[in-house]
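Here are the chains, one letter per residue:
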Amino acid sequence: MGIEHIEPQLVGSRVIQIFFGSFLYIFLIAKLIGSERKALWFKRRTNYTFFNRRGIFGEYINFGYPICWQGFIVLVLIYGVIFGFGYWYVFMYPYA
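In this report, we go over the structure that sits alongside the text. (Residues numbered from 1 in each chain as written. Predicted model: local features only at pLDDT ≥ 70, side-chain atom pairs only at ≥ 80, totals over all residues. Heavy atoms only, no water.)

**Some thoughts on the packing of aromatic side chains**
Link 1 in the chain: Scanning all chains against the criterion turns up 10 aromatic pairs.
Link 2 in the chain: Between Phe-19 and Phe-23, the aromatic rings sit 4.9 Å apart at their centres with planes inclined by 90°, giving edge-to-face as the arrangement. Linking Phe-19 with Phe-23, this pair stays in helix H1 (residues 8–33), spanning four residues, or about one helical turn.
Link 3 in the chain: Assessed through its relative accessible area of 46%, Phe-19 is described here as partly exposed.
Link 4 in the chain: Of the residues examined, Phe-23 reaches a relative accessible area of 36% and is grouped as partly exposed.
Link 5 in the chain: Ring geometry for Phe-85 against Trp-88: centres 5.7 Å apart, planes inclined by 40°, an arrangement best described as tilted. In this pair, Phe-85 and Trp-88 are both assigned in helix H4 (residues 69–92), three residues apart and thus about one turn of the helix distant.
Link 6 in the chain: Counting every residue linked through ring pairs, the aromatic cluster contains Phe-85, Trp-88, Tyr-89 and Tyr-93. (Phe/Tyr/Trp six-rings, centres within 6.5 Å; stacked < 30°, edge-to-face > 60°. Helix = DSSP H or I, 4+ residues; strand = E, 2+ residues; numbered from the N terminus. Buried < 20%, exposed > 50% of the residue type's maximum accessible area, 1.4 Å probe, protein only.)

**Observations concerning the nonpolar core**
Inside soluble globular proteins, nonpolar side chains tend to come together where they are buried.
Link 1 in the chain: Counting residues in hydrophobic clusters, the biggest one holds 11 residues: Ile-26, Ile-29, Ala-30, Ile-33, Trp-41, Phe-42, Ile-61, Phe-63, Val-74, Ile-78 and Ile-82.
Link 2 in the chain: Listing elements by their share of this core, those giving two or more residues are H1 and H4.
Link 3 in the chain: The element best represented in this core is H1, accounting for four residues.
Link 4 in the chain: In this view, Ile-78 contacts Tyr-25, Ile-26, Ile-29 and Phe-63; residues no more than four positions away in its chain are not counted. (Core = buried A, V, L, I, M, F, W, Y, C linked by side-chain atoms within 4.5 Å. Contact = heavy atoms within 4.5 Å.)

**Looking at the packing of H1 against H4**
Link 1 in the chain: Axis separation between H1 and H4 bottoms out at 10 Å; the angle between their running directions is 155°. Here H1 lies roughly antiparallel to H4, going by the angle between them. For the pair H1 and H4, the sense of crossing is right-handed. Listed contacts from H4 to Val-11, Arg-14, Val-15, Gln-17, Ile-18, Ser-22, Tyr-25, Ile-26, Ile-29 and Ile-33 of H1 are Val-74, Leu-77, Ile-78, Val-81, Ile-82, Gly-86, Tyr-89 and Val-90.
Link 2 in the chain: Per-class residue counts for the contact of H1 with H4 are 14 nonpolar, three polar and one charged. (Axes fitted to C-alpha atoms, helices over the stretch in contact; angles between N-to-C directions. Parallel < 35°, antiparallel > 145°, perpendicular 65-115°, else oblique. Left-handed = near helix turned anticlockwise from the far one by under 90°. Nonpolar A, V, L, I, M, F, W, Y, C, P; charged D, E, K, R; others polar.)

**Observations regarding the environment of Ile-33**
Link 1 in the chain: Structurally, Ile-33 is set in helix H1.
Link 2 in the chain: Residue class for Ile-33 comes out buried when judged on its relative accessible area of 10%.
Link 3 in the chain: Through-space distance from the C-alpha of Ile-33 to that of Val-74 is 9.2 Å; in sequence the pair is 41 residues apart.
Link 4 in the chain: Residues in contact with Ile-33, not counting those within four places in the same chain, are Lys-38, Trp-41, Phe-63 and Val-74.

Shape is all these values report; function is a separate question.
Laid out in structure tokens, this is it:
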């Protein structure tokens, strides 16, 4: 049975759960790494305009671009876990 036979509301609710869960996961990773290591491992944006300004939580979870191998590993871990869990939860985990 494919996902095309599932109600769109159920799929949408799982996508929203993954969306909010990923924010919590990124916040946790940012807390574990700490601001000192984030500053060493990532390069942050220096040119801010009205359209790309972030609030307090957006700045805290903003890592920037990886500039060393540790930053690249963190980037791969963050995206790998989010996309891997998201794919499993939406497409593989059975719907009730």
